[in-house]
Amino acid sequence: GTAGTGRTVKLAALGLLLAVIQPFGLVIAALILGVRFVWIWWIDKRFSPSNFVAGLCLGGPFLLYEFWTIRSDPLLAAWNRQNLTPAPALWDLLLSFSPVLILAVWTLPTAWKERARQPAWAMLAGWLVLGLALVYLPFSLQRRFMTGLYVPTAFLAVVWLSRREGITKKLYPAVFGISVLTNIMFLVLMLVGPTQPAVPDAAVTGGENIYISRGTISALLWAREHTPAGAVILADAATGLWVPAWSGRRTVYGHPLETPDAGLEKQAVIDFYSGAMTGAQRD
């Protein structure tokens, strides 16, 4: 019917938009839609892949095109080889997602037992388990798959708390308080960060590892107005990070994951400013 067609078009458009904005988000959305499709097929004995197909019919080919382009273009391939975002150590992930992850894992048996009466719980459980497995696949961009993983974790933790009315009133404030420690840490760092020393290999002092100085801003704005559009700016390992954003110019070394051959380029910049570069290399 018209409503079904409209839903299909909407899912297809949203899938394409998600693939453009956050490619890994589409993979995660496909995981969720896939869990839902399998669940309906298994429990309700209904073969209904329409949502799964609609969500991927436009975004899926776009992802495949991106993948082919990155692999076939020499410059993008060189960039991709060092664009590494590995998953955190398992203990780090457990600590970061706790305490809600502990409660969510305890809820998994309940979600399985009540899968017929509470299918949403089962789908959340599938999202959590398969999402964690996706994070630790042997893939160079593992950490990208952590996007949205806190959603099923938090929901399942709430399920656990809601089924234990006797201790919920006491436990809920503690769970909430521990869960927001990361947010509090970020706020504190923004206040005390400017007084801390810079990262060890940065050619700046004080808080410029968090804030950019007025002098650097002025220099980069000057470069934007007084240098040709194709200019390449030589800057130290710390300042190079700001060059493209504020001046619109290229830099020898900038972001460690966005600069092709980043290790070699960074060492060349350090050698230049430290005087370790030979005359031939400098030329």
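The rules behind these values
Residues numbered from 1 in each chain as written. Predicted model: local features only at pLDDT ≥ 70, side-chain atom pairs only at ≥ 80, totals over all residues. Heavy atoms only, no water. Helix = DSSP H or I, 4+ residues; strand = E, 2+ residues; numbered from the N terminus. Expected span 1.5 Å × (residues − 1). Buried < 20%, exposed > 50% of the residue type's maximum accessible area, 1.4 Å probe, protein only. Arc of directions from axis to C-beta. Contact = heavy atoms within 4.5 Å. Axes fitted to C-alpha atoms, helices over the stretch in contact; angles between N-to-C directions. Parallel < 35°, antiparallel > 145°, perpendicular 65-115°, else oblique. Left-handed = near helix turned anticlockwise from the far one by under 90°. Phe/Tyr/Trp six-rings, centres within 6.5 Å; stacked < 30°, edge-to-face > 60°. 1 Å grid on protein atoms, 1.4 Å probe; cavity = no way out; pocket = protein on both sides within 12 Å on 5 of 7 lines; lining within 4 Å. Points joined across faces, edges and corners; volume = space filled by probe spheres on them. Nonpolar A, V, L, I, M, F, W, Y, C, P; charged D, E, K, R; others polar.

A.B. asks: Even after reading the chapter, I still don't get helix H12 (residues 214-226), so can you show me in this structure?
C.D. replies: Helical geometry: 3.6 residues make up each α-helical turn, so side chains three or four residues apart lie on a common side. The first and last C-alpha atoms of H12 sit 18 Å apart over 13 residues, in line with the 18 Å expected at 1.5 Å per residue. Of the positions making up H12, those classed as buried are Thr216, Ile217, Leu220 and Ala223. For H12, the angular spread of buried residues about the axis comes to 125°, placing them on one side. Turned more than 90 degrees from where H12 packs its buried face, Arg214, Trp222, Glu225 and His226 sit exposed. The inward-facing, buried residues of H12 contact strand S1 (232-233) and helix H13 (243-247).

A.B. asks: In this structure, what is going on with the packing of helix H7 (residues 100-113) against helix H8 (residues 119-135)? I would like to understand it.
C.D. replies: For any two helices packed against each other, the geometry is given by the interaxial angle and the distance between the axes. Running from N to C, H7 and H8 cross one another at 130°; their axes reach a closest spacing of 10 Å. Taken together, the axis directions place H7 and H8 in an arrangement best described as oblique. At the point where H7 passes H8, the crossing takes the left-handed sense. Contacts between H7 and H8 involve Leu101, Ala104, Leu108, Thr110 and Ala111 from the first element and Trp121, Ala122, Ala125, Leu128 and Val129 from the second.

A.B. asks: Which parts of the structure should I look at to understand unusual backbone geometry?
C.D. replies: Note the cis peptide between Ser98 and Pro99, where omega equals 5°. Within the secondary structure, Pro99 is located in the loop between helix H6 (90-97) and H7.

A.B. asks: Would you mind showing me how to read the side chain of Asn80 here?
C.D. replies: Mapped onto the fold, Asn80 is located in helix H5 (residues 74-82). On the basis of relative accessibility, which here comes to 19%, the residue Asn80 falls in the buried class.

A.B. asks: Explain the packing of aromatic side chains here, please?
C.D. replies: Centre distance and the angle of the planes are the two values used to describe a pair of aromatic rings. On inspection of all chains with the given rule, the structure shows eleven aromatic pairs. Between Phe97 and Tyr150, the aromatic rings sit 5.7 Å apart at their centres with planes inclined by 55°, giving tilted as the arrangement. With a gap of 53 residues between them, Phe97 in helix H6 and Tyr150 in helix H9 (residues 150-162) connect regions that are remote in the sequence. Between Phe139 and Phe145, the ring centres sit 5.8 Å apart and the planes meet at 35°, which makes this aromatic pair tilted. Using a relative accessible area of 36% as the deciding quantity, one classes Phe139 as partly exposed. On the basis of relative accessible area, Phe145 is assigned to the buried category, the value being 8%. Following the ring pairs from residue to residue traces out a cluster consisting of Phe37, Trp41, Phe47 and Phe52.

A.B. asks: Any chance you could explain the layout of surface pockets here in plain terms?
C.D. replies: To find leftover empty space, a probe the size of one water molecule is rolled over the atoms. Taken as a whole, the largest pocket holds about 570 Å³ of empty space. Elements that contribute at least two residues to the lining of the largest pocket include exactly helix H2 (23-43), helix H4 (59-72) and H5. Examining the composition of the lining of the largest pocket, we find that seven residues originate from one element, H4, more than from any other. Broken down by class, the residue content of the lining of the largest pocket amounts to eleven nonpolar, five polar and three charged.

These results come straight from atomic positions and should not be treated as a statement about function.
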